[in-house]
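Observations on the model geometry
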Amino acid sequence: MSDGDEATGNDRYDEIAISPAAFSLAGRHVLVTGAGRGLGQGMAVSAGLAGASVTALARSADQLEETVRLIRDRGGECVAHAADLSDLEGIAEHAAAIEDRLPIDGVVHAAGVQIRKAAIDYTLSEWRRVQSVNADAPFFLSSAVARAQQAAGRPGSHVFVGSLASTIGLPRGAAYAASKTALLGMARSLSTELSSVGIRANVIGPGYFPTQLTADLLSDPANLRRILGRIPMGRMGRPAELAGVVVFLLSDAARYITGQLINVDGGWLGA
């Protein structure tokens, strides 16, 4: 008999099958940025429902009240942390304060901004604003979290929220596309540096979801028809359909996945 044939009981199950418990986030502490509204709120609440203790981060404490309530109403644990991540000098201090309260196991970078205009019309300050929030802040926050995880010998999962623009060109969003493409390179580099110590980094690529970032685009009936006509599923995504991938990537069920881009787009890129 081979070693595999000799395996019995729990050893055999562990070898060939995944346990439902592997999808749970019980006992984990997850930090979610942009958690006060939209997709970030859905990710934070979903992590809480999966058992994680959640730190919900946004610029305004008022934005976070509903997120905290939604998690606590279902018996979960959530603490609000107000911070402006565009203040890059303060990121390490915020990360340390959150880590001191409870060691961070996972971080989800959902905070983002969009300035929709022609590439030739961007000002330097507009360009820098988008890069600061969408690319610089996630990099330095993940660096701070990973530093603490590595020092403690603790595994971790870092989930960056990219976009269709991480893969393809879309009009009137050059700064946004540059920032979201940067996240993909960032996650791949982090995965090569940190996977050996159990720290994973991945990107999710949302297609079109109704959020504040897409409200101006989707308010135009012609744009809405064009976008829906391009999506094989014929509809936009729902926050829960994106959050499910986030919970998976944070969990042990995804422990062999790192340096990857997972698109959640209703079939847009497959068409």
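Please read these numbers as outputs of a predicted model, since none were measured by experiment.

1. Some details on the overall build of the chain
- Along the chain, the regular secondary structure elements total 10 helices and seven strands.
- C-alpha extents for the chain along the principal axes are approximately 65 × 45 × 40 Å.
- Relative to its full complement of 271 residues, the chain shows a buried share of 46%.
- Long-range contacts, defined as pairs at least 24 residues apart, comprise 71% of the intrachain contacts of the chain with a sequence gap of at least 6.
- Total accessible area computed for the chain in this model is approximately 13300 Å², and 53% of it derives from carbon and sulfur atoms.
- Computing the positive centroid from 24 side-chain charges and the negative centroid from 27, the chain places the two 9 Å apart.

2. Examining the packing of helix 3 (residues 38–49) against helix 10 (residues 239–250)
- The geometry of helix 3 relative to helix 10 is characterised by a closest axis approach of 9 Å and an angle of 55° between their N-to-C directions. On the basis of the axis angle, helix 3 is oblique to helix 10. Judged by the twist between their axes, the crossing of helix 3 over helix 10 is right-handed. Note on element contacts: helix 10 touches helix 3 through Pro-239, Leu-242, Ala-243, Val-246 and Val-247, opposite Leu-39, Gly-42, Met-43, Ser-46 and Ala-47.

3. Some points on the pattern of salt bridges
- If you walk through the whole model with that rule in mind, you get 10 salt bridges.
- Residues Arg-28 and Asp-252 are paired through a salt bridge, measuring 2.9 Å at the closest nitrogen-oxygen approach. With Arg-28 in the loop between helix 2 (9–16) and strand 1 (29–33) and Asp-252 in the loop between helix 10 and strand 7 (261–264), the pair connects residues that are 224 residues apart, well separated along the chain.
- Judged by relative accessible area, which is 21%, Arg-28 ranks as partly exposed.
- Note that Arg-69 and Glu-66 form a salt bridge whose closest N and O atoms lie 3.8 Å from each other. Of this pair, Arg-69 and Glu-66 both sit in helix 4 (residues 61–73), separated by three residues, roughly a single helical turn.
- Since its relative accessible area comes to 41%, Arg-69 is described here as partly exposed.
- The exposure class assigned to Glu-66 is partly exposed, which follows from its relative accessible area of 41%.

4. Some thoughts on the confidence of the model for the chain
- Residue-level pLDDT values for the chain average 94, and 97% of them are 70 or greater.
- Here residues 1–5 scores under 50 on pLDDT; set against residues more than four positions off or in separate chains, the count is three contacts.

About the thresholds
- All residue numbers refer to position in the chain's written sequence, counted from 1.
- Selection of residues for local features in this predicted model requires a pLDDT of at least 70, selection of side-chain atom pairs for listing and counting requires 80 or more, and totals for whole chains, interfaces and linings are taken over all residues.
- Hydrogens and waters are ignored; side-chain quantities use all the structure's heavy atoms.
- Secondary structure elements are taken from DSSP: a helix is a run of H or I of four residues or more, a strand is a run of E of two residues or more, and numbering for both begins at the N terminus.
- For every residue, the accessible area obtained with a 1.4 Å probe (protein chains only) is divided by the maximum for its type, and the residue is called buried under 20%, exposed over 50%, and partly exposed between those limits.
- Note on definitions: a residue-residue contact is assigned when non-hydrogen atoms from the two residues lie within 4.5 Å.
- Using a 1.4 Å probe, the Shrake-Rupley method yields the accessible areas, and only the shown protein chains count as cover for residues.
- The convention is simple: Lys and Arg are positive, Asp and Glu are negative, and His and the chain ends are not counted.
- For the purpose of locating charges, the reference atoms are NZ of Lys, CZ of Arg, CG of Asp and CD of Glu.
- Every axis in this analysis is a line fitted to C-alpha atoms, fitted for helices over the stretch in contact. Angles between the N-to-C directions lie between 0 and 180 degrees.
- Note on angle classes: values under 35 degrees are labelled roughly parallel, values over 145 roughly antiparallel, values of 65 to 115 roughly perpendicular, and the remainder oblique.
- Should the near helix be turned anticlockwise from the far one by less than a right angle, the crossing is termed left-handed; should it be turned clockwise, right-handed.
- By salt bridge we mean one thing: a side-chain nitrogen of Lys or Arg within 4 Å of a carboxyl oxygen of Asp or Glu.
- The score called pLDDT rates the predictor's confidence residue by residue, from a low of 0 to a high of 100.

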